[in-house]
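Structural overview
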Amino acid sequence: MIETSLQGSVLEILIANPPVNALGAGVRKGLERALREAILDSAVKAIVVRGTGKFFSAGADISEFDNTIPDPQLPDIINLMETSPKPVVAAIHGLAFGGGLELALGAHYRIATPIAKLGLPEVALGILPGAGGTQRLPRIVGVEAALEMIVSGAPISAAKGAEIGLIDKLAENEDLAQQATAYARTLTAPRPTGAREVTADPAVFEQFATKNARKIDGLDAPKACIEAVRAAVILPLAQGLERELAFFHELVVGQQSEALRHVFFSERMAAKIDDLPKETTPRKIAKVGIIGAGTMGGGISMNFLSAGIPVTIVDMAQEALDRGIAVICRNYEATAAKGRLTTEQVGTAMTLLTSSLDFGELADCDLIIEAVYEDMDIKKRIFARLDEIAKPGAILASNTSYLSIDDIADVTSRPGDVVGLHFFSPANIMKLVEVVRGAKTAADVLATAMDLARRIGKQPVVSGVCYGFIGNRMLLPRIDGAIDMLVEGATPQQVDRISVDLGMPMGPLQMMDLAGLDLGWHRDVSRIESVRDALCAAGRWGQKTGCGIYDYDDKRRPLPSPAAQSIIDAFREKSGIVPRAISDEEITARTLYVMVNEGAKILEEGITQRASDIDVVWLNGYAWPRHTGGPMYWAEHLVGLEAVVQNLNAYSRSMGESFSLSPLLVRAATNRTSFEDARGKLGAGS
Ligand code: 3HC
């Protein structure tokens, strides 16, 4: 895990722990030994620490955090490095994250390649940098830059690192080995970071916290990060390090960090398909076709264009194409204006885009994604046509959000090539892609879809075929519950507050207003069969008409609406329903626990591979708060499955005959086990 090689008077210590050079116990042991030997060896005048493979290091081994971390401890190794009487250089390529960057901060000098990235992403794991990062980074770059990096967790480029003094030397190219040893040879004395002092206006911490209040509210780690950086200003290094470590130990056993670590590993696990033969080779995707230049088609196209993959969009009318391309262009310009892309990158992306009214133009595409509206007949017609024109081996995908991929595949002569790729709106931004596996979808088609999703920066999750797949199927009982409770007497604010209090950006009713209450509406103003019909008939379609369940101000903030309330009241009266007080418990059961119940059914039916995949869907597609781990984790670890079942039972009468408890959920609750364990027992035939 640690290799050393003497290059003249410079000892190179190489971290070799694929895939990401995590600093697990083996690496730490090797590193400590190599450093001690180098310090004692009179032939060694300077030391370079470098990583092999793709990265310098992705930091501490996160899998160690569930138990006591074995010795030697990373902070001790970094202290040893910092107090070395010989200059130590950290040579960074790829990325230095978390403990990896902290290791580099303990070195006396840092050289980095031009495309290297530097970051302290610990906050995303619900912890803070616990190996000196909060004490040494401010000493090098100052308090404000350090707070920004540590509290946001966002990485910076090597160039930015050089600008703020974090990087002493930018390598000329990616071939770092020789440049690093040559640099080390020029250094004659150590330069311990801890010897530096940092000052700051005491007000800066409160100002920072106030400015970021919306992002950090309710989260433990960012607050600890701010306090730890404050310690760097007011305490000597040794005491500051002690305070940092105390925060680390407190956070790492906390609920939020446990949930966020679950998220970290679940997201990576979700990208894997358990039953694919090992030898499955993904197909090559060099060109993509998109059918439909609407909002979804345009958004989906942008993902491929940004990843350097040429796209041809086809639509029925030139006007639709022109409008779609103009929207793509505007979106790119907005991204460039925010500094997320350069004008040059936008230009390159746009040159990869072609459009046509002719389906025949898709003949040379390796992947064709249909993104027209949800109508089975239209989709079937499109796939029958694609079957005629697509080249052999092309993957034919549908972006359907509800419909059966099997029914769509059946109209083609090549159902093995058909797969669902359900992107979420706005498709250029939302990370989730549900990869829908039809009964006949070929293994290499699935492997390609998973690989490609990651290549374009998405989070893939596999779903089997059912109405709404994983995410939207769970959304349905949540929406029904929310709407029904309005009619039964709850106010919209009361219903939505439960989800917002949990940490979601909005509640189910606000979400409906955002998506449009008119989605799926029959458009007959005289036919009022639901409160939704009544609102739509009154022109209250949601944010798009400026009013829906709520009224909206010019900043699109929801306001209680007397007009909507009187429509709801009138509908209630007409339906002969007597309003009653609805408790927070009932709202929780009927908007949140019902989702967990549906998730358990999805798991039980084998629609999803794992309970954690359901979490990943809701975290990345519906803004479920990450620090609660996702709906299934939340129910299992933070609420308790017995309480979930009890509450669902308590309100089952109000939910009507269509409601039924998932046997898997009941079994897990009764046996006090996890969903996965309960599923194992079901699978065993009990
Ligand atoms: N510890 C343990 N395993 C890690 C790891 C880490 N720090 N970082 C990545 N891995 C594992 C992943 O789980 C995955 O395992 P799998 O193949 O079995 O699923 C494998 O390495 C590859 O990871 P990715 O699929 O994420 O690879 P990518 O190339 O897409 O991304 C990365 C690489 C950007 C480095 C990404 O893995 C990442 O962000 N890692 C976490 C970085 C991080 O949070 N570092 C801080 C750790 S905490 C810390 O350092 C505490 C310190 O302050 C004391």
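In case you missed it, the structure is sitting above this.
Read on for a plain summary of the structure. Just so we're clear, the structure is a prediction, and the values are computed from it rather than from any experiment. Along each chain, residue indices are assigned from 1 in the same order as the chain's sequence is written. Where totals are concerned, whole chains, interfaces and linings use all residues; where local detail is concerned, this predicted model gives features only for residues with pLDDT of at least 70, and gives and counts side-chain atom pairs only at 80 or more. Here the side-chain values reflect all heavy atoms present in the structure, with hydrogen atoms and water set aside.

Quick look at the site of the ligand now. As a structural note, the neighbourhood of the ligand is formed by 26 residues, with Gly 99, Glu 102, Glu 122, Arg 268 and Lys 272 the closest of them. Separating a nitrogen atom of the ligand from a backbone N or O atom of Ala 60 is a distance of 2.8 Å. Pairs of N or O atoms are called polar contacts if they sit within 3.5 Å, as long as, within protein, a hydrogen donor faces a hydrogen acceptor (for residues adjacent in sequence, only side-chain-to-side-chain pairs). Arg 268 has a polar side-chain atom sitting 2.6 Å from an oxygen atom of the ligand. Reported accessibility uses the Shrake-Rupley method at a 1.4 Å probe radius. Residues are deemed covered only where the shown protein chains occlude them. Burial of the ligand by the protein chains amounts to 76% of its free accessible area of 980 Å². When residues of the shell around the ligand are traced back to their parent elements, those giving at least two are strand E5 (95-97), helix H3 (99-106) and helix H12 (255-270). Any residue with a non-hydrogen atom lying within 4 Å of a molecule or strand is treated as near it. Per the convention used, a helix needs a DSSP run of H or I reaching at least four residues, while a strand needs a run of E reaching at least two, with both numbered from the N terminus.

Below, the discussion takes up the layout of surface pockets. The pocket and cavity definitions rest on a 1 Å grid over protein atoms only: a 1.4 Å probe that fits but cannot leave marks a cavity, an open set with protein on both sides within 12 Å along at least five of seven lines marks a pocket, and residues lining either have an atom within 4 Å of a point. Grid points are joined across faces, edges and corners, and a volume is the space filled by probe spheres set on the points. Approximately 290 Å³ is the volume found for the second largest pocket. If you trace the second largest pocket, you find 15 residues lining it, with Pro 477, Asp 480, Met 655, Ser 658 and Phe 659 closest to the centre. Contributions of two or more residues to the lining of the second largest pocket are made by helix H19 (471-488) and helix H24 (584-604). Each residue gets one of three labels, nonpolar for Ala, Val, Leu, Ile, Met, Phe, Trp, Tyr, Cys and Pro, charged for Asp, Glu, Lys and Arg, and polar for the others, Gly among them. Broken down by class, the residue content of the lining of the second largest pocket amounts to five nonpolar, four polar and six charged.

Further remarks concern the nonpolar core. Grouped together as the largest cluster of nonpolar side chains are 71 residues, with contacts concentrated most on Leu 509, Trp 624 and Phe 675. A total of 10 residues in this core trace back to one element, the largest contributor, which is H24. Should any heavy atoms of two residues lie within 4.5 Å, those residues are counted as being in contact. Excluding anything up to four places from it in sequence, Trp 624 contacts Leu 502, Met 504, Leu 592, Met 595, Trp 618, Leu 619, Gly 630, Pro 631 and Trp 634. The term nonpolar core refers to a set of buried residues drawn from Ala, Val, Leu, Ile, Met, Phe, Trp, Tyr and Cys, joined through side-chain atoms within 4.5 Å. Here the term buried applies to any residue with accessible area under 20% of the maximum for its type, exposed to any over 50%, and partly exposed to those in between, with areas from a 1.4 Å probe on protein chains only. If you look at the next biggest cluster of nonpolar residues, it comprises 68 residues, including Leu 74, Leu 101, Ala 131 and Val 143.

Looking now at empty space enclosed by the protein. Enumeration according to the criterion identifies one cavity of 30 Å³ or more in this entry. Space inside the largest cavity adds up to approximately 50 Å³. Surrounding the largest cavity, Phe 304, Leu 421, Phe 423, Val 433, Ala 449, Leu 452, Ala 453 and Ile 456 form its lining. Of all the secondary-structure elements, those providing two or more residues to the lining of the largest cavity are strand E15 (418-423) and helix H18 (443-455). The element best represented in the lining of the largest cavity is H18, accounting for three residues. By residue class, the composition of the lining of the largest cavity is eight nonpolar, no polar and no charged.

Burial in helix H28 (residues 663-671) covers these residues: Leu 664, Leu 665, Ala 668 and Ala 669. Down the axis, H28 shows its buried residues gathered within 130° of arc, on one side only. The backbone nitrogen of Leu 664 lies 3.2 Å from a side-chain oxygen of the residue at the head of H28, namely Ser 662. One or two positions beyond H28, positive phi appears at Arg 672, with a value near 50°. The arc in question is the one traced by the directions running from the helix axis out to the C-beta atoms.

Moving on: the packing of aromatic side chains. The description of an aromatic ring pair uses the distance of the two centres, along with the angle that the planes make with each other. Classification of ring pairs rests on two measures: the distance between centres of Phe, Tyr or Trp rings, Trp counted by its six-membered ring, which must be within 6.5 Å, and the angle between planes, read as stacked under 30 degrees, edge-to-face over 60 and tilted in between. Inspection of every chain in the model, using the stated rule, returns 10 aromatic pairs. On the numbers, 6.4 Å between centres and 85° between planes, the contact of Tyr 109 with Tyr 183 is edge-to-face. Residue Tyr 109 is located in strand E6 (residues 109-112), and its partner Tyr 183 is located in helix H7 (residues 176-185); the two are separated by 74 residues in the primary sequence. Both rings, one in Phe 264 and one in Phe 265, keep their centres 5.0 Å apart while their planes meet at 90°; by these two values the pair is edge-to-face. Under the relative-accessibility criterion, Phe 264 is labelled partly exposed at 24%. Aromatic rings pair up to connect Phe 424, Trp 618 and Tyr 622 into one cluster. When the ring centre of Phe 264 is taken as origin, the NZ or CZ atom of Arg 268, which lies over that ring, is 3.8 Å away. Geometrically, a charge over a ring is one whose NZ (Lys) or CZ (Arg) sits within 6 Å of the ring centre while staying within 35 degrees of the ring normal. Lying over the aromatic face of Trp 541, Arg 523 brings its terminal NZ or CZ to 5.0 Å of the ring centre.

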